[in-house]
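A closer look at the structure
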Amino acid sequence: MSGASTEFAWVKALCLQSESTCPSEVLEELMAAPECPAFGPVHHMLTGAALLASAANAGFEMDLGSQLDELAERASCVPGGSCARWGVCGAAASCGMALAIVQGNAPLKPEGWSETQLMVADLLEKIAHAGAPRCCKRDARIAVREATPWFSRALGVELPLADSDSVCVISGQNTACIGGACPYHP
């Protein structure tokens, strides 16, 4: 097992146990795990993992275990703070990685390439409009919510949107929390 796969072993285990077809529900299961920190690069794995797990649970034919391992390898290359340093939120990038993996995208394969780029651009726009940095939980929730219809269309499976927005339980740990301006603030 590679270093990235070992680091994210708990994410893989929870994804393989989840039965939900709703990506937002799977994300909440992952973020509620005691191993999940409030912030940091683990969120660069969580969003794509939630989408992959829910697609597998919805009946999309895939090798979830090996695709989660591939996602772990790719996600481990996106450092903490990429939102500020690269101008690319790792949660949005993770959704792009997951779609690229499940579609078998390759640099010279035209099928799937544009759709994945457009999805990530859409996610980044929605995250940017949230209006503030340093909230991995908020940005992960936005990324998964907005990526869900893209995955449904691209994979031909019905992935439901969450019935209601989640409520943040870590806002007190975030000195940069935007409070009531965040759709997930309690």
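Residues numbered from 1 in each chain as written. Predicted model: local features only at pLDDT ≥ 70, side-chain atom pairs only at ≥ 80, totals over all residues. Heavy atoms only, no water.

Concerning the confidence of the model for the protein chain
- In the predicted model, the protein chain carries a mean pLDDT of 89, and 95% of its residues have values of at least 70.
- Per-element confidence in the protein chain is highest for helix 4 (residues 43-57), whose mean pLDDT is 97, and lowest for helix 1 (residues 3-7), whose mean pLDDT is 75. (pLDDT = per-residue confidence, 0-100. Helix = DSSP H or I, 4+ residues; strand = E, 2+ residues; numbered from the N terminus.)

Considering helix 9 (residues 136-155)
- In a regular helix each residue adds 1.5 Å, so 20 residues correspond to 28 Å; helix 9 covers 26 Å between its end C-alpha atoms and thus fits that length.
- Along its length, helix 9 reaches its greatest deviation from straightness, about 35°, at Ala147, and the proline Pro149 lies no more than four positions downstream.
- For helix 9, a buried count of 14 out of 20 residues is recorded, marking the element as mostly surrounded by other parts of the structure.
- In the segment just after helix 9, Gly156 is the residue with positive phi, at about 70°. (Expected span 1.5 Å × (residues − 1). Bend = angle between axes of the 7 residues up to and from the residue. Buried < 20%, exposed > 50% of the residue type's maximum accessible area, 1.4 Å probe, protein only.)

Regarding the packing of aromatic side chains
- Inspection of the entire model under this criterion finds zero aromatic pairs.
- Lying over the aromatic face of Trp150, Arg153 brings its terminal NZ or CZ to 5.1 Å of the ring centre. (Phe/Tyr/Trp six-rings, centres within 6.5 Å; stacked < 30°, edge-to-face > 60°. Lys NZ or Arg CZ within 6 Å of the ring centre and 35° of its normal.)

Some thoughts on the side chain of Lys137
- Structurally, the position occupied by Lys137 is in helix 9.
- Although Lys137 is buried, it makes no salt bridge; Glu28 carries the closest opposite charge, 8.2 Å away.
- Reaching out from Lys137, the side chain makes a polar contact with the backbone oxygen of Pro37 at a distance of 2.9 Å.
- Separated by 2.9 Å, the side chains of Lys137 and His43 make a polar contact. (Lys, Arg positive; Asp, Glu negative; His and termini not counted. Salt bridge = Lys/Arg side-chain N within 4 Å of Asp/Glu carboxyl O. Polar contact = N/O pair within 3.5 Å; in protein donor to acceptor, adjacent residues only side chain to side chain.)

Observations regarding the environment of Ala75
- In this fold, Ala75 is placed in helix 5 (residues 64-75).
- A C-alpha to C-alpha distance of 21 Å links Ala75 and Lys126, two positions 51 residues apart in sequence.
- In contact with Ala75, not counting residues within four places along its chain, are His44, Met45 and Met97. (Contact = heavy atoms within 4.5 Å.)

Some thoughts on the pattern of salt bridges
- Under the definition given, this model contains six salt bridges.
- Arg141 is paired through a salt bridge with Glu28; the nearest N and O atoms lie 2.6 Å apart. Separated by 113 residues along the polypeptide, Arg141 in helix 9 and Glu28 in helix 3 (residues 23-31) bring together distant segments of the chain.
- Taking the shortest distance from any N to any O, the salt bridge between Lys126 and Asp122 comes out at 2.5 Å. In this pair, Lys126 and Asp122 are both assigned in helix 8 (residues 113-128), four residues apart and thus about one turn of the helix distant.
- By relative accessible area, Lys126 is classed as partly exposed at 31%.
- When its relative accessible area of 17% is taken as the criterion, Asp122 is described as buried.

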